[in-house]
There are 2 protein chains.
Amino acid sequence: MLKIQDVARHAGVSAATVSRVLNGRSTVNPELAARVHSAVRELGYRPNGVARNLRRRQTTLWAVLISDVGNPFFTSLVRGVEDGGRQFGYSVVLCNTDENRAREAEYIAVALADNMAGVIISPADDSTDISALVAAGTAVVTIDRELAETEVDAVLVDNEKGAEMATAHLLESGYRRIACITGPRRMSTAMRRLRGYQRALRAFGLPSDRSLVRHADFREEGGYSAMAALLDEGVEVDAVFAANNLMTVGAVECLTERGVAIPAQVGVIGFDDIPWARLFRPGLSTVRQPTYELGRAAAQLLADRIDNPAKPAARMVLQTELHPRESSSPRAC
Amino acid sequence: MLKIQDVARHAGVSAATVSRVLNGRSTVNPELAARVHSAVRELGYRPNGVARNLRRRQTTLWAVLISDVGNPFFTSLVRGVEDGGRQFGYSVVLCNTDENRAREAEYIAVALADNMAGVIISPADDSTDISALVAAGTAVVTIDRELAETEVDAVLVDNEKGAEMATAHLLESGYRRIACITGPRRMSTAMRRLRGYQRALRAFGLPSDRSLVRHADFREEGGYSAMAALLDEGVEVDAVFAANNLMTVGAVECLTERGVAIPAQVGVIGFDDIPWARLFRPGLSTVRQPTYELGRAAAQLLADRIDNPAKPAARMVLQTELHPRESSSPRAC
DNA sequence: GATTTCCGAGCAATCGATTTCCGAACCTGG
DNA sequence: CCAGGTTCGGAAATCGATTGCTCGGAAATC
């Protein structure tokens, strides 16, 4: 591989000058600059990024820690981060943690060892330890979820309002015995969505019935078994609000399998959009999160933070959108 | 940040010894090794990866160039690569090219500049130029698609057989006027799938009718307009084989929108699985590709190639699986 | 007991670009 | 014409780990 020295020799200047021309940090005689540029072009020189990173003590990499790209929510989010990062000259290292603390810690270690410029993380739980990153001065933005301890930039959606919208929509469509399948207690998003559900009931003058609330794991199986439990226990239910996309699918599968008609017998609405939800049988009503925009926003915040490490932590909250489809059609009374 | 010298001082040995202990390249007195290990632990030392990369002239990064993680096909594939890479100690840099040659070239340049250990690429087209990578000795594996010029490791699916299976399935179900919506002519996958379709027709003793074959762009809109064109032109059609997931969705949308009953009036089968395809209205028949395994296989091949740059290029072909669902139910005659 | 062999530790060079520092050249105003 | 200031190029230090080479000392051999 060609080195900066080779270019310098070819252009008849010093390596320092080549570097200055290429990085534009300092003024260089235009004529020399032209010579350098043509030398670079002629030789096809490409600076060694690793050497540059070592010297600058900073890379152009971002680690993006999410639970699973397979989840359409994160897929689109990652795409947003990548597009945003590319704009600012960063590449994105994809880190699937599967909500696993050990995996998370492992990736944080990699980010640290490789001197990554920043980390965007959707923490597996509220107490995920990012102190090592903070200590090393690595820029961090949390996305979708917040951290209890540390004060860092965060990009969130208004979970409570979204859940409230979904529940209110069911209520307005005539459903009254609405179950809520939410996520684990230790996750802020799960709790916020539950609270939104409860708020909608309260606003409608309905008591909240604890037997209607289930905590599952944000996964397909979780939604399935929570739904199955509701049916098996004979809990009176005429609609379900599921707090994320996978659990919605799980619940729908359970209902379909057991021959429960949607929405005739049980109405369904889910948090998070699902690709092609309108092509489902029946079309699934959802509360769409602006996932791509979430990713873009996080990228912007991270880039800003890197440029200005001293600025106070920002907290962006984006709004959700209700997409009513057939699975929550107005109930014939 | 702590340096190797600090550890060396603390353990009362030289930096070289610390390095040797940590990398196990050479034998070190067990007692010294223990001292080094405890020094590392006590100080919380973490080697600087960038410095190591510079010296070793190799990083632990892989670039994965695909058109779009948003496409479920690539989502799952990337996940496979990531899992595989992690096993061998590599991290994955996600590069969405959107089938765009310029973007592709850009990412190749980044991979080169950052000295990445390897590149897994699903080339935007048969003539994508990877010569710079080859020249630099960077390990390359193509995935899903092949390159015309360069001989590199490749992981593929048996596109022809898959398409043949899909078409044969439609024929066996009683469909006779089967349209084929395939991808652009310059893409090997598109042509292979078309050939499989033709082979099935021939095997069944049916003539191939050029008006039934459409080349679209492998995107949703492409599938939609190809379908629309077929209907608008009044071509007699009783089934469609769409050569990838997005075009299948597009075709289905077009049919649904125009009130054409699936499968009563037109049967549908698509190449590539679609998440939760069984929940669609009607359940979509598909030819599933082993996407995750494709990613894992590519990871394995790349890791092998890095360890042994001289070995002859491998070519792995995985098989597809037919998943018949309602959209291709047997035709009532 | 002397010589050879072998092992392992440390010194120093190296990877390749960036950046500080210094001095030369040039400019400007008095 | 000179002092003071400015600009700009180049030499060399630096980033932090790895590794080739050297050499001391212990073990082995005669």
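Residues numbered from 1 in each chain as written. Chains lettered and ligands numbered in written order. Predicted model: local features only at pLDDT ≥ 70, side-chain atom pairs only at ≥ 80, totals over all residues. Heavy atoms only, no water.

A. Spatial organisation of the nonpolar core. Of all hydrophobic cores here, the largest spans 99 residues; its most connected members are Ile181(A), Phe241(A), Ile181(B), Tyr197(B) and Phe241(B). Among all residues touching Phe241(B), those that are not within four sequence positions of it are Ala163(B), Ala166(B), Thr167(B), Leu170(B), Ile178(B), Ala179(B), Cys180(B), Ile181(B), Arg193(B), Tyr197(B), Ile269(B) and Phe271(B). Judged by nonpolar contacts, the second largest core, of 56 residues, contains Ala139(A), Val141(A), Phe74(B) and Val155(B). (Core = buried A, V, L, I, M, F, W, Y, C linked by side-chain atoms within 4.5 Å. Buried < 20%, exposed > 50% of the residue type's maximum accessible area, 1.4 Å probe, protein only. Contact = heavy atoms within 4.5 Å.)

B. Representation of the sheet that holds strand E11 (residues 315–318) of chain A in the model. Strand order in the open sheet formed by 12 strands is E11(A)-E5(A)-E4(A)-E3(A)-E1(A)-E2(A)-E2(B)-E1(B)-E3(B)-E4(B)-E5(B)-E11(B), and the pairing between neighbours is mixed. What marks the edges here is a single partner per strand, and that holds for E11 of chain A together with strand E11 (315–318) of chain B. On average, each strand axis in the sheet is tilted by 20 degrees relative to the strand beside it, whichever way the strands run. For strand E1 (residues 61–66) of chain A and strand E3 (residues 118–121) of chain A, the ladder comprises 4 bridges, and the chain directions are parallel. Note on E3(A): the bridge partner recorded for Ala63(A) is Val119(A). (Pairing = 2+ DSSP bridges. Helix = DSSP H or I, 4+ residues; strand = E, 2+ residues; numbered from the N terminus. Axes fitted to C-alpha atoms, helices over the stretch in contact; angles between N-to-C directions.)

C. Representation of the side chain of Asp238(A). All names here are of chain A. Here Asp-238 shows up in the loop between helix H10 (220–232) and strand E8 (239–242). One buried charged residue, Asp-238, forms no salt bridge at all, with the nearest opposite charge on Arg-331 at 4.1 Å. Beyond its immediate chain neighbours, meaning those up to four positions away, Asp-238 contacts Tyr-175, Arg-176, Arg-177, Ile-178, Gln-265, Val-266, Gly-267 and Arg-331. (Lys, Arg positive; Asp, Glu negative; His and termini not counted. Salt bridge = Lys/Arg side-chain N within 4 Å of Asp/Glu carboxyl O.)

D. Expanded view of the pairing of strand E9 (residues 267–271) of chain A. Residues and elements named next belong to chain A. E9 sits mainly inside the fold: 5 of its 5 residues count as buried. Residues of E9 alternate between two faces, with Gly-267, Ile-269 and Phe-271 on one and Val-268 and Gly-270 on the opposite face, all of them buried. Here E8 runs beside E9; their pairing, made up of 4 bridges, is parallel. Directly across from Ala-239, in E9, lies its bridge partner Gly-267. Of the strand pairs in this sheet, E9 and strand E10 (residues 285–288) are connected by 3 bridges, and their pairing is parallel. Bridge pairing in E10 places Phe-271 opposite Val-287.

E. Region of interest: helix H2 (residues 15–23) of chain B. All names here are of chain B. Burial in H2 covers these residues: Ala-15, Thr-17, Val-18 and Val-21. Take H2 and look down its axis: the buried residues cluster within an arc of 160 degrees, on one side only. Of the residues flanking the end of H2, it is Gly-24, one or two places downstream, whose phi is positive at about 55 degrees. (Arc of directions from axis to C-beta.)

F. The interface of chain A and chain B, seen in detail. Taken together, the 51 residues of chain A in the interface contact 51 residues of chain B. Contact between chain A and chain B buries roughly 4400 Å² in total, counting both sides, with carbon and sulfur atoms accounting for 57%. Applying the counting criterion to the chain A and chain B interface returns 12 salt bridges. Ionic pairing is found between Asp68(B) and Arg79(A), a salt bridge with its closest N-O pair at 2.9 Å. Linking chain A with chain B are 23 residue pairs in polar contact (both at pLDDT 80 or more). For the side of chain A that touches chain B, the secondary-structure elements that each account for two or more residues are helix H4 (49–56), helix H5 (72–88), strand E2 (91–96), helix H6 (101–113) and helix H11 (245–257) of chain A. At 7 residues, H6(A) tops the list of elements feeding residues into the side of chain A that touches chain B. For the side of chain A that touches chain B, the per-class residue count stands at 25 nonpolar, 12 polar and 14 charged. (Buried area = accessible area lost by both parts, 1.4 Å probe. Polar contact = N/O pair within 3.5 Å; in protein donor to acceptor, adjacent residues only side chain to side chain. Nonpolar A, V, L, I, M, F, W, Y, C, P; charged D, E, K, R; others polar.)

G. Up close: the domain arrangement of chain A. Residues and elements named next belong to chain A. Taken as a whole, chain A is organised into domain 1 (4–47), domain 2 (57–157 + 291–319) and domain 3 (159–289 + 322–328). Here domain 2 and domain 3 have C-alpha centroids that lie 29 Å from each other. Interface area, domain 2 with domain 3, both sides summed: about 1300 Å², of which 42% is carbon and sulfur. In this structure, the connection of domain 2 to domain 3 is made through 3 salt bridges. Between Asp-144 and Arg-193 there is a salt bridge, with the nearest N and O atoms lying 4.0 Å from each other. Taken together, the elements giving at least two residues each to the side of domain 2 that touches domain 3 come down to H5 and helix H12 (291–307). If you tally residues by element for the side of domain 2 that touches domain 3, the top one is H12, at 3 residues. Residues of the side of domain 2 that touches domain 3, tallied by class, amount to 5 nonpolar, 3 polar and 7 charged. (Domains from an automatic or database assignment.)

H. Focus on the packing of aromatic side chains. Residue and element names in this part refer to chain A. Tallying each qualifying case throughout the model produces 7 aromatic pairs over all chains. Here Phe-241 and Phe-271 contribute two aromatic rings whose centre-to-centre distance is 6.4 Å and whose plane-to-plane angle is 65 degrees, an arrangement assigned as edge-to-face. Of this pair, Phe-241 sits in strand E8 while Phe-271 is found in strand E9, placing the two residues 30 residues apart along the sequence. A residue is classified by how much of its surface remains accessible, and Phe-271, at 0% relative accessible area, is buried. Above the ring of Phe-271, the side-chain terminus of Arg-193 is found at 4.0 Å from the ring centroid. (Phe/Tyr/Trp six-rings, centres within 6.5 Å; stacked < 30°, edge-to-face > 60°. Lys NZ or Arg CZ within 6 Å of the ring centre and 35° of its normal.)

I. Here's a closer look at the relation of the copies chain A and chain B. With an axial shift of 0.1 Å and an RMSD of 0.1 Å, the rotation relating chain A to chain B amounts to 180 degrees. Here the copies are linked by what is in effect a two-fold axis. Both copies share a contact surface, since 98% of the interface residues of chain A are interface residues in chain B too. (Least-squares fit on C-alpha atoms with pLDDT ≥ 70 in both.)

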